[in-house]
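Chain and residue survey
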Amino acid sequence: MNSFSSPKAKRPATGSNALQRQGSSLTQPASSLVPCPICGKSIAEWFVNNHLDNECTGMESSQQTSGKRKHGDTVDDFDDIDGAALFQDSGDNYTDTNHRDSYSASSATSNQQQHQPISFQSRKDKANAAVQRSMPLAERARPVSLDDFIGQKELVGPGGILRALVLQDTVPSIILWGPCGVGKTTLARIIAHTTKAQFKEMGATTHGVADVRKAFEDAKNLFQFSRQRTIIFLDEIHRFTKSQQDIFLPFVERGTITLIGATTENPSFRVNSALLSRCRVLTLEKLSLKDGMDKMIRRAARIKWRDILDMACAQMTETELATLNSTFGQNDQTLDEWVDAKIEPGAIKWLIDLSDGDGRSAINTLEIGIQGLSTTILSDDTQYGNNQKDREDQEDQVEEKQPLGVLEKLDTAKLTGEAVKTAFQKTHLQYDRQGDEHYNLISALHKSVRGGDADAALYWLGRMLVSGEEPLYIARRLIRMASEDIGMADSAALPLAVSTYQACQMIGMPECDVNLAHCVAYMAKAKKSVDVYYAYGQVKQTVSEEFAYPVPIHLRNAPTTLMKDLGYGDGYKYNPLYPEGTKVDQEYLPKGLKKRKFLGEAPVMTLGEDGEWHM
């Protein structure tokens, strides 16, 4: 039987193989394998005592099997599909022999080979290719080494602290904090491929506290028996409440496990403070062009275009196949250059800009755009349009025109900037009304208004509104700014801010955006004074830190006879009875604050002789 065209026949399990298969199905998963302290072979943890009693025979698992299943908690097991092939996608430092075979046939091959250009792949290889195409492109393009990792140079670049820890296999418990699509999960999986410790990947959205507790107990037993560490990666760790996070403390404290948590929320607010003191928080920043985001996009594009070439080969004529194979052959460099030319530079720029630093979003949008091109390339009716009207208008010309071949359509297809914008539909801005970005943007708006930069203030306003911020929230903050930063320098700012709030209530979005812009621009250009803001701050400090001085007797109200008899209001001088402009000699502060000045004492910086500003 030809092994390249037929799947492997399944033989009934007998002997020790049957025992091993039965044992693995009835007992713990492959992640419970432990090394034998005598012979070093990987043994199911529940069978290790019998293995030692039988002088290290039976139930042993080869090193190769152990290696494959070391990280098996995150990948499903397929009998006829090669799991390793799922991650052999092309790109820089990537090799995919399955794809190469599709284009390696020369024009001198037999007629049978010419009619079946992809028959070099076995059915198993074809199944692998089908599974690959069904996976999200972002998952297939995920790097598997630190050298291929994009961004976070301070952490994983040359001399980066995390790079050194990973290469030395001494990664401590860490919390990876950053926005979506910047590589938190990828870093954890790179550590999984590098470390000699047991690795288990879990998610707070799919695993409960009981699952985590069981994983910790398994790690404890493994460490006690073989002194092998366990690294547990918990994605979305902030979804566990702070009380639930307490289960991590004893295991992390004793070093039984190494915890790698990933979160998009600020750990200061969402992670247990006791756990934070035992973990190192590493901040991951948004990706950008300078981080090599264009390289990441091109690498993903090469993977997707190779899929299209595979499917296009099945529809090509013998002449088209000969032309294609003579063009590319087995030269990956030539094929990569051809793929790079299928994406306009403007398209890559739009992918980077509109994804807002989210690598996953950029690749997913790229996949949609290229998928749209593949529909045009592989369909039969693109020559004459996709609707009935187009066919009727060109009915008289059908006989005169020759339909485009697959190779010609493949050669003319190109991903443009307009196609990318269409795939995005709208700007992909990362924003959460309760998250850090919400407070970062309103802070930027407030400081821009305070600094008198109307252009910057309008930009931050637009960022918030386009992201979906509630306009009334912004209007409330503008009312506060009117008194805090402008104050008595331009008292008209306060009624304008109140009117803006009312306008937002009356007409709502999107009409009220210009009302907010009007108020923001006015306040940014208005004169500023913080005298009132500073004065009231001094008052609050005095009230909270000093003695609660009694009200002077002459300022007290005397609504009853008893109070009058006690002297309330005696000596009070009624100011309107005096001529206008007369300075009435009367104290209004308590005796303990008689000479205290609050208003007008705002500090002002001065320029020193060293050219620096000093308070």
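This structure is a prediction, so every number in the text was calculated from the model and none was measured.

**Observations regarding the packing of helix H25 (residues 471–486) against helix H26 (residues 493–507)**
Running from N to C, H25 and H26 point in directions that differ by 175°, and their axes come no closer than 9 Å. Considered as vectors, H25 and H26 are oriented roughly antiparallel to each other. Here H25 contributes Pro-471, Leu-472, Ala-475, Arg-476, Leu-478, Ile-479, Ala-482, Ser-483 and Ile-486 to the contact with H26, which in turn contributes Ala-493, Leu-494, Ala-497, Val-498, Tyr-501, Cys-504 and Gln-505. When its residues are assigned to classes, the contact of H25 with H26 shows 13 nonpolar, two polar and one charged.

**Quick word on the packing of helix H18 (residues 345–354) against helix H22 (residues 417–424)**
Each pair of packed helices gets described by two things: the angle between the helix axes and the distance between those axes. Here H18 crosses H22 at 25°, and the two axes come no closer than 7 Å. By the angle class used here, H18 and H22 are roughly parallel. From H18, Gly-346, Ala-347, Trp-350, Leu-351 and Leu-354 reach across to H22, where they touch Gly-417, Val-420, Lys-421 and Phe-424. Looking at side-chain class alone, the contact of H18 with H22 contains six nonpolar, two polar and one charged residues.

**Some details on the environment of Asp-455**
Relative to the elements of secondary structure, Asp-455 occurs in helix H24 (residues 454–466). Distance in space between the C-alpha atoms of Asp-455 and Ala-521 is 8.0 Å, their sequence separation being 66 residues.

**Quick word on the sheet that holds strand E5 (residues 198–203)**
Strand order in the open sheet made by the five strands is E5-E6-E7-E4-E8, with parallel pairing throughout. Bordering the open sheet on either side are E5 and strand E8 (280–283), each of which pairs with just one other strand. Geometrically, the sheet is characterised by an average inter-axis angle of 15° between neighbouring strands, direction not taken into account. Pairing of strand E4 (residues 174–177) with strand E7 (residues 257–263), which is carried by four bridges, proceeds in the parallel orientation. Counted as the bridge partner of Trp-177 is Thr-263 from E7.

**With respect to the pairing of E5**
Of all six residues in E5, five are buried; the element is thus mostly enclosed. Summarising the sheet, E5 and strand E6 (residues 230–235) pair through six bridges and their orientation is parallel. Bridged to Glu-201 within E6 is Phe-233. What joins E5 to E6 is helix H11 (residues 209–226), and the crossover it makes is right-handed.

**Considering the confidence of the model for the protein**
With 75% of its residues at a pLDDT of 70 or more, the protein has an overall mean of 77. Contacts from residues 1–31, a stretch scored under 50 in pLDDT, to residues over four places away or in other chains number 26 contacts. Across residues 382–389, confidence stays below pLDDT 50; counting only partners more than four residues off in sequence or on other chains, it has 18 contacts.

**A closer look at the pairing of E7**
For E7, the buried fraction is high: seven of the seven residues fall into the buried class. Across six bridges, E6 lies against E7 in parallel orientation. Across the sheet, the residue bridging to Phe-233 is Ile-260, located in E7. Handedness of the β-α-β unit built from E6, helix H12 (residues 248–254) and E7 comes out right-handed.

**Quick notes on the nonpolar core**
Counting 42 residues, the largest nonpolar core has Ile-297, Trp-305, Met-316, Leu-366, Ile-377, Leu-410 and Leu-415 as its most contacted members. Of all elements in the fold, only helix H7 (137–140), helix H15 (293–313), helix H16 (318–328), helix H17 (332–341), H18, helix H19 (359–378), helix H21 (406–412) and H22 reach the threshold of two or more residues within this core. No other element matches H15, which puts eleven residues into this core. The next biggest cluster of nonpolar side chains, apart from the first, holds 27 residues, and it includes Tyr-473, Ala-475, Leu-496 and Cys-512.

**Concerning the packing of aromatic side chains**
A complete count under the given rule lists six aromatic pairs for this structure. Ring centres of Phe-216 and Phe-248 lie 5.4 Å apart, and the angle between their planes is 65°; on these two criteria the pair is classed as edge-to-face. A residue pair is termed long-range when its members are at least 10 positions apart, and Phe-216 in helix H11 and Phe-248 in helix H12 qualify at 32 residues. With respect to class, Phe-216 is no different from Phe-248; both count as buried. Ring geometry for Phe-240 and Phe-248: centres 6.4 Å apart, planes at 40°, overall tilted. Phe-248 matches Phe-240 in its accessibility class, with the two residues each being buried. Every member of this aromatic cluster is reached through a ring pair, and the members are Phe-216, Phe-240, Phe-248 and Phe-251. When the ring centre of Phe-223 is taken as origin, the NZ or CZ atom of Arg-227, which lies over that ring, is 4.9 Å away.

**Section: the pattern of salt bridges**
Under the definition given, this model contains 21 salt bridges. Where Arg-596 meets Glu-546, a salt bridge forms, and the shortest distance between an N and an O atom there is 3.3 Å. One end of the pair, Arg-596, is in the loop between helix H29 (561–565) and strand E9 (606–607); the other, Glu-546, is in the loop between helix H28 (531–545) and H29, with 50 residues separating them in the sequence. A residue is classified by how much of its surface remains accessible, and Arg-596, at 31% relative accessible area, is partly exposed. Put simply, Glu-139, Arg-142, Arg-189 and Glu-201 are held in one network by salt bridges that share partners.

**Concerning unusual backbone geometry**
Of all residues except glycine, most have a negative phi; of all peptide bonds, most are trans. With omega at 5°, the peptide bond leading from Met-509 into Pro-510 counts as cis. Phi is positive for Asp-169, which is not a glycine, with a value near 55°. For Asp-169, the position within the fold is in the loop between helix H9 (161–167) and E4. Look at Asp-169 and you get partly exposed, because its relative accessible area is 21%. Notably, Asp-356 is not glycine yet its phi reads approximately 55°, a positive angle. Mapping Asp-356 onto the fold places it in the loop between H18 and H19.

Definitions and cut-offs
Residues numbered from 1 in each chain as written. Predicted model: local features only at pLDDT ≥ 70, side-chain atom pairs only at ≥ 80, totals over all residues. Heavy atoms only, no water. Axes fitted to C-alpha atoms, helices over the stretch in contact; angles between N-to-C directions. Helix = DSSP H or I, 4+ residues; strand = E, 2+ residues; numbered from the N terminus. Parallel < 35°, antiparallel > 145°, perpendicular 65-115°, else oblique. Contact = heavy atoms within 4.5 Å. Nonpolar A, V, L, I, M, F, W, Y, C, P; charged D, E, K, R; others polar. Pairing = 2+ DSSP bridges. Buried < 20%, exposed > 50% of the residue type's maximum accessible area, 1.4 Å probe, protein only. Right-handed = clockwise from strand over helix to strand, strands pointing away. pLDDT = per-residue confidence, 0-100. Core = buried A, V, L, I, M, F, W, Y, C linked by side-chain atoms within 4.5 Å. Phe/Tyr/Trp six-rings, centres within 6.5 Å; stacked < 30°, edge-to-face > 60°. Lys NZ or Arg CZ within 6 Å of the ring centre and 35° of its normal. Salt bridge = Lys/Arg side-chain N within 4 Å of Asp/Glu carboxyl O.

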